[in-house]
Amino acid sequence: MIPVRCFSCGRVVSHVWEEYRERIKTEPPGKVLDDLGIDKYCCRRMLLSHVELVDTLRRYQ
Amino acid sequence: MKFELIELREDRIRFLLSGVTAAFANGIRRACMSEVPILAIDQISLYDNTSVLFDEQIALRLGLVPLQSKDLDSYSRPEDCQCGGEGCPGCRVDFMLSAEGPGMVYSKDIQFTDPGVKPAFDKIPIVILGEGEKVVIEGFATKRVGKDHSKWQAGTLCGYKNLPKIEIGASCDGCGKCIEVCPRDVLALEEGRAKATNILECSLCKLCIEECEAGALKVTPVLDSFVISIESSGVMPVKELVAKAAQEIRKRAEDLDAKLAELT
Ligand code: SF4
Ligand code: SF4
Ligand SMILES: [Zn+2]
Ligand SMILES: [Zn+2]
């Protein structure tokens, strides 16, 4: 699951996660982040570097 | 003291404060981060959790959801409450969250007993549930300050810097090296000489000074002027946040004043 807030500055970043994940399929991630108003690099890396693992974990429930 | 607004958005403000000490500027910064009381989910009871996340992870995620309140002043901090900190409707907002998979549970699914309280963002994913998985959670939010835990922090990124002052001497020959090296595009060439056109962006890194062979540049901080930027976590408009921070400082100053008056 995407962390609710940025680890460094505390700004909420997770509310755009689903839109971000949809849009990067067709658009460059940098531009999508600009559009979504995630402008600081600490917040940007939260979304850029996130790997969603819940679906993988579910198999071992 | 002089105040000059540079930028104001719903969640971010930047202003210039001149004629104050660094301690005062820092006082405002710290009050925004750790002295303005807000609501945040404090304790939860999980009656059922068959999702992939551990109970503790869900508790953390719920705590970090910023909560807006229509009437924040109607709540008091548990230690100041008439109940003496035991918990009553005056210092607590109860909530329920129950959901069954498959599907995503969002922050908007949290049901508070007070209709004036709601999450600042609707689409914060709390937990994703698979087929047949479910969560049943009950708990309450309390009003506290950022000093207690970062989830009660009303201002997230708060900072200040000295206002930079850039002087360009007569020996400048317009070589343009300082403009090239400046990472923030502060300088520009005008009539064959360098000129500071975007001074608020200057970070006082002094790269331009190293680059200038003619030694024409001087970059110094103005010691009594501060560019302060405050960002709100979403619990309230940032304008309100700064005003409340100032009120907190005033309240403390008055308390101190009253204590000192008792002594003399
Ligand atoms: S100190 Fe740094 S930011 Fe400021 S003008 Fe010089 S190079 Fe640019
Ligand atoms: S590097 Fe020095 S001489 Fe060259 S433009 Fe800048 S201030 Fe002028
Ligand atoms: Zn950040
Ligand atoms: Zn109470």
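Residues numbered from 1 in each chain as written. Chains lettered and ligands numbered in written order. Predicted model: local features only at pLDDT ≥ 70, side-chain atom pairs only at ≥ 80, totals over all residues.

*Asks:* Would you explain the overall build of chain B in this entry?
*Replies:* For chain B, the count of helices and strands is five helices and 14 strands. Relative to the compact-globule value of 18 Å for 264 residues, chain B shows a C-alpha radius of gyration of 25 Å, a clear excess of over 25%. Projecting the C-alpha coordinates of chain B onto the three principal axes gives extents of approximately 75 × 65 × 25 Å. Out of the 264 residues belonging to chain B, those deemed buried represent 32%. Restricting to contacts in chain B with at least 6 residues of sequence separation, those with at least 24 account for 68%. (Helix = DSSP H or I, 4+ residues; strand = E, 2+ residues; numbered from the N terminus. Rg over C-alpha atoms; globule rule 2.2 N^0.38 Å. Buried ≥ 20, exposed ≤ 12 C-beta atoms within 10 Å, placed from the backbone. Contact = placed C-beta atoms within 7 Å.)

*Asks:* Help me understand the pairing of strand E14 (residues 217-232) of chain B, please; the structure alone is not making it clear to me.
*Replies:* Where a strand is regular, its side chains alternate between the two sheet faces. Residues and elements named next belong to chain B. Pairing between strand E2 (residues 12-18) and E14: seven bridges, direction antiparallel. Note on E14: the bridge partner recorded for Arg14 is Ser229. By the bridge criterion, 12 bridges tie strand E11 (residues 155-168) to E14 in an arrangement that is antiparallel. Its bridge partner being in E14, Ile168 is matched across the sheet by Leu217. (Pairing = 2+ DSSP bridges.)

*Asks:* Is there a simple way to think about the site of ligand 1 in this case?
*Replies:* As a structural note, the neighbourhood of ligand 1 is formed by 13 residues, with Cys182(B), Val186(B), Cys202(B), Cys205(B) and Cys208(B) the closest of them. Split into classes, the residues belonging to the shell around ligand 1 amount to 10 nonpolar, one polar and two charged. (Near = placed C-beta within 6 Å. Nonpolar A, V, L, I, M, F, W, Y, C, P; charged D, E, K, R; others polar.)

*Asks:* Would you mind showing me how to read the site of ligand 2 here?
*Replies:* Neighbouring residues of ligand 2: 14 residues in total, closest Cys172(B), Cys175(B), Cys178(B), Ala194(B) and Cys212(B). Of the residues assigned to the shell around ligand 2, the class counts are nine nonpolar, two polar and three charged.

*Asks:* In this structure, what is going on with the interface of chain A and chain B? I would like to understand it.
*Replies:* Accessible area lost on assembly of the parts is the figure often given for the size of an interface. Taken residue by residue, the interface counts 16 residues in chain A and 20 residues in chain B. Here the side of chain A that touches chain B is composed, by residue class, of eight nonpolar, four polar and four charged.

*Asks:* Would you mind showing me how to read the sheet that holds strand E10 (residues 134-144) of chain B here?
*Replies:* Across a sheet, strands are paired by hydrogen bonds formed along the backbone, either parallel or antiparallel in direction. Residues and elements named next belong to chain B. Strand order in the open sheet formed by four strands is E3-E10-E5-E7, with antiparallel pairing between adjacent strands. Two strands in the sheet have a free side with no partner beyond their single neighbour: strand E3 (38-49) and strand E7 (111-112). Pairing of E3 with E10 involves 10 bridges; the strand directions are antiparallel. Counterpart to Asp48 in the pairing with E10 is Val136. Against the sheet, helix H2 (residues 55-63) makes contact with E3 and E10, and its axis sits at roughly 155 degrees relative to E3, the strand it touches most. (Axes fitted to C-alpha atoms, helices over the stretch in contact; angles between N-to-C directions.)

*Asks:* How should the nonpolar core be read in this particular structure?
*Replies:* What tends to happen in soluble globular proteins is that the nonpolar side chains get buried as a cluster. Counting residues in hydrophobic clusters, the biggest one holds 60 residues, and the most contacted among them are Val13(A), Cys32(B), Ile230(B) and Leu241(B). With five residues, the single largest contributor to this core is helix H1 (residues 22-34) of chain B. Domain assignment of the residues forming this core places at least three in each of domain 1 (2-34 + 156-229) and domain 2 (38-152) of chain B. Residue contacts for Ile230(B): discarding those within four places in its chain leaves Ile13(B), Cys32(B), Gly155(B), Cys158(B), Val238(B), Leu241(B) and Val242(B). Counting residues in each nonpolar core, the second largest holds 12 residues, with Leu187(B), Ala194(B), Leu217(B) and Val219(B) among its members. (Core = buried A, V, L, I, M, F, W, Y, C linked by C-beta atoms within 7 Å. Domains from an automatic or database assignment.)

*Asks:* Got a minute to help me understand H1(B) in this structure?
*Replies:* Note that an α-helix has 3.6 residues per turn; residues three or four places apart therefore point the same way. Residue and element names in this part refer to chain B. For H1, built from 13 residues, the straight-helix expectation of 18 Å at 1.5 Å per residue is met to within 8% by its first-to-last C-alpha distance of 18 Å. When H1 is considered as a whole, its buried residues turn out to be Ala25, Ile28, Ala31, Cys32 and Met33. For H1, the elements touching its buried residues are E2, E11, E14 and helix H5 (238-263). (Expected span 1.5 Å × (residues − 1).)

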